[in-house]
Amino acid sequence: MTETKMGRHSYVKLENTKLHYVEAGNRSNSTLLLLHGFPDCWLGWRYQISELSQYFHVVALDLKGFNDSDKPMLRFEYTPKKVCEDLRKFLIAISAKSVSIVGHDLGAIIGWLFAHTNPEMVDKFISVATPHPNLLWDNLPKNSPFNRRWLEFIQLPYLPEMEMKHNAERMLKKCYPHILKEKMYMTGSNGSVINNLMEAYKYIFSQTDDWRGPLNYYRNFLFFRVKEGETVQCPCLIITVIEQSGHAPHQEMSTEFNSLLLKFLLGKRMLVRSPENAATTPTRGIVGRVFGGIGAVANNTVKLGNNIKDGYTFASALNNVPNFIVKS
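Let me sum up the structure you'll find in this document.

Scoring rules and cut-offs
- Residues numbered from 1 in each chain as written.
- Predicted model: local features only at pLDDT ≥ 70, side-chain atom pairs only at ≥ 80, totals over all residues.
- Heavy atoms only, no water.
- Helix = DSSP H or I, 4+ residues; strand = E, 2+ residues; numbered from the N terminus.
- Contact = heavy atoms within 4.5 Å.
- Buried < 20%, exposed > 50% of the residue type's maximum accessible area, 1.4 Å probe, protein only.
- Arc of directions from axis to C-beta.
- Polar contact = N/O pair within 3.5 Å; in protein donor to acceptor, adjacent residues only side chain to side chain.

### Section: the environment of Ser 254
Tracing the sequence through the fold places Ser 254 in helix α11 (residues 254-266). Not counting residues within four places of it along the chain, the set of residues in contact with Ser 254 comprises Tyr 47, Gln 48 and Pro 249.

What follows is the structure, encoded as structure tokens:
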């Protein structure tokens, strides 16, 4: 992926691991770190980079093990402690003393953990369609392709990587059906019309090694929980979705998503007001359909659908879950 219209492609070397990222915007502005999900890469933020760069120094990172970042083989490289430590070193390397983080799916899980372990480096945190990890692992929907049975299967060595490579196209189309509808096409040598985005994703996940790192995150993260009583100190926004959108609202409903994101990040500095007919929508349970529908984690969250909520709410503690608190 060498597309330059979206931003500048750069690399940072951390000891034995090289990380790739795309940056856009003035480096003198506050840094906004975008952490993609699984299976994805920096390209997952294609509808956010340009717009957000008008206000922030935007950094869309390829997580370790993904796309153009290095892909260490050892499972140890993907433990929560190691991943958060690498992320801290990465931010220091790009001279970012503190950042706001937007994370989707796996990137949101990492964002939650980083906000816990490095509170002085996180100004604001936005979790997209992903509840706190203490809630997530024990409430996975059975009809998700990444359910409990899948998590147990990938604990096996080697075989899961081979299986994912063999079924890569089917898995990618199941995760991102909206990509097939996006108007980004190219013409093949035989005159056929090819979906450029899907071809890019198929290339990114075409080898066994392209799956090993991503699977190692889940092999390790499944067994990790935040200790009771630990708190997230920064303001947090949890964006949930409804049926009109799937698990990737930042791609499927980018206009509404970007408006909501900027309202939270900029506050009174926001120049564009959200629609006057925006309405408040109640949540539908603790986790709901995290991987394909509502991913509510708190008593009050923001839901994307036909309307945007005029304002935003913060996560609060629940009575019957581990005692983590998100402070606003």
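### Considering helix α7 (residues 168-175)
Buried within α7 we find Ala 168, Met 171, Leu 172 and Cys 175. Relative to the axis of α7, the buried residues are bounded by an arc of 95° and lie together on one face.

### Some words on the side chain of Arg 219
Mapped onto the elements, Arg 219 comes out in helix α9 (residues 209-221). A distance of 3.0 Å separates the side chain of Arg 219 from the backbone oxygen of Leu 156, its partner in a polar contact. Ignoring anything within four residues of it in the chain, the contact list for Arg 219 reads Arg 75, Ile 154, Gln 155, Leu 156, Pro 157, Tyr 158, Pro 160, Glu 161 and Arg 212.

### Observations regarding unusual backbone geometry
A cis amide bond links Phe 38 to the next residue, Pro 39, at an omega of -5°. Secondary-structure assignment places Pro 39 in the loop between β3 (31-35) and α1 (49-52). Backbone geometry places Asp 105, a non-glycine residue, at a positive phi of 60°. Tracing the sequence through the fold places Asp 105 in the loop between β5 (99-104) and α3 (106-117). With a relative accessible area of 4%, Asp 105 lands in the buried category. Of note in the backbone geometry, Ala 129 takes a positive phi value of approximately 55° without being a glycine. Tracing the sequence through the fold places Ala 129 in the loop between β6 (122-128) and α4 (133-136).

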